Amino acid sequence: MSRRTSPTSPPITIRRAVARDAKRLTRLVRGSGAYEGQYASAVAGYRVGPDYIEAQRVFVAVGGGEHEGRVLGFYALVIAPPELDLLFVADDVQGLGIGRLLVAHMLSEARAAGLDHVKVVSHLPAEDFYHRVGAVRTGTAPANPPAVPWDRPEFEFRVP
């Protein structure tokens, strides 16, 4: 477990997700403003289950202060093949650096696992975020209808 703080915000704790987090993580995915409108079909029936949490390296960012104990965001790192499978931050706390903290933590986990890169298949609303946190665009993942009827940008993080 790690704690991060900044002068303007209460500490954020990043910890390993546990099975009882599954419903909260599913709500974060399904409620994401980045997946409204034309993107809604990609997460409409999506479920982050306890089995997924146990099988992958899933970590949650838990708030302090006014957000005490609240899961503010999470990520899932798949080791083989290396991929950032999920990364979500609650809409009402975006812009506070939580996504950046989660990426830094993910890179630390990837390094500890001996990875030299981590792939990300994103969607257009998240493209700028991945550029800002150091991912490099490597290509385009073609549409996969009916669940994902649009092409998606592919990125890669180099693990230092």
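See the structure above.
So, how was this worked out
- Residues numbered from 1 in each chain as written.
- Predicted model: local features only at pLDDT ≥ 70, side-chain atom pairs only at ≥ 80, totals over all residues.
- Heavy atoms only, no water.
- Phe/Tyr/Trp six-rings, centres within 6.5 Å; stacked < 30°, edge-to-face > 60°.
- Helix = DSSP H or I, 4+ residues; strand = E, 2+ residues; numbered from the N terminus.
- Buried < 20%, exposed > 50% of the residue type's maximum accessible area, 1.4 Å probe, protein only.
- Contact = heavy atoms within 4.5 Å.
- 1 Å grid on protein atoms, 1.4 Å probe; cavity = no way out; pocket = protein on both sides within 12 Å on 5 of 7 lines; lining within 4 Å.
- Points joined across faces, edges and corners; volume = space filled by probe spheres on them.
- Nonpolar A, V, L, I, M, F, W, Y, C, P; charged D, E, K, R; others polar.
- Core = buried A, V, L, I, M, F, W, Y, C linked by side-chain atoms within 4.5 Å.
- Salt bridge = Lys/Arg side-chain N within 4 Å of Asp/Glu carboxyl O.

**Student:** Would you mind showing me how to read the packing of aromatic side chains here?
**Tutor:** The description of two aromatic rings rests on the distance between their centres and on the angle between their planes. One pass over the full model with this rule turns up seven aromatic pairs. Residues Tyr35 and Phe88 carry aromatic rings whose centres are separated by 5.8 Å and whose planes lie at 35 degrees to one another, so their mutual orientation is tilted. One end of the pair, Tyr35, is in the loop between helix H1 (22-30) and helix H2 (50-55); the other, Phe88, is in strand S5 (residues 83-89), with 53 residues separating them in the sequence. You'll find Tyr35 and Phe88 in the same group, each marked buried. An aromatic cluster is defined as three or more aromatic residues linked by ring pairs; in this entry it consists of Phe129, Tyr130, Phe155 and Phe157.

**Student:** Looking at this structure, how should I read the environment of Pro11?
**Tutor:** Locating Pro11 in the fold gives a position in strand S2 (residues 9-16). Pro11 gets classed as partly exposed once you look at its relative accessible area, which sits at 24%. Sequence separation of Pro11 and Gln56 is 45 residues, and the distance between their C-alpha atoms is 25 Å.

**Student:** Just checking my understanding: could you explain the side chain of His67 for this structure?
**Tutor:** Examined against the element boundaries, His67 turns out to sit in the loop between strand S3 (57-62) and strand S4 (71-78). For His67, the residues in contact, after removing those within four places along its chain, are Leu72, Asp92 and Val93.

**Student:** I'm lost on the layout of surface pockets in this one. Help?
**Tutor:** A water-sized probe rolled over the atoms picks out the places where empty space is left. By volume, the largest pocket amounts to about 920 Å³. Contributing elements (two or more residues each) for the lining of the largest pocket: S5, helix H3 (98-112), strand S6 (117-121) and helix H4 (127-132). In the lining of the largest pocket, the residues fall into 23 nonpolar, eight polar and six charged.

**Student:** Would you mind showing me how to read the nonpolar core here?
**Tutor:** Nonpolar side chains tend toward joint burial in soluble globular proteins. Ranked by internal contacts, the top residues of the largest apolar core, which has 50 residues, are Leu25, Phe74, Leu84, Met106, Val118, Tyr130 and Phe157. If we skip the residues at most four places from it in the chain, Phe157 touches Leu84, Val103, Met106, Leu107, Asp116, His117, Val118, Val120, Tyr130, Val133, Gly134 and Ala135.

**Student:** Please explain unusual backbone geometry as it appears in this structure.
**Tutor:** Excluding glycine, residues mostly carry a negative phi; peptide bonds, for their part, are mostly trans. Backbone torsion omega between Ala80 and Pro81 reads -10 degrees, so that peptide bond is classified as cis. Here the bond from Pro145 into Pro146 is cis, since omega is 5 degrees, no more than 30 degrees from zero. When you line up the elements, Pro146 lands in the loop between strand S7 (136-141) and strand S8 (152-158).

**Student:** Help me out: how do you make sense of the pattern of salt bridges in this one?
**Tutor:** It is possible for side chains bearing opposite charge to pair when their charged atoms get close. This model, assessed by the stated rule, comprises seven salt bridges. Taking the shortest distance from any N to any O, the salt bridge between Asp21 and Arg24 comes out at 3.6 Å. Across the salt bridge formed by Glu154 and Lys119, the nearest N and O atoms sit 3.8 Å from each other. Here the residue Glu154 occupies a position in strand S8, and Lys119 occupies one in strand S6, the gap between them amounting to 35 residues. Sharing partners across several salt bridges, the network here consists of Arg15, Asp21 and Arg24.

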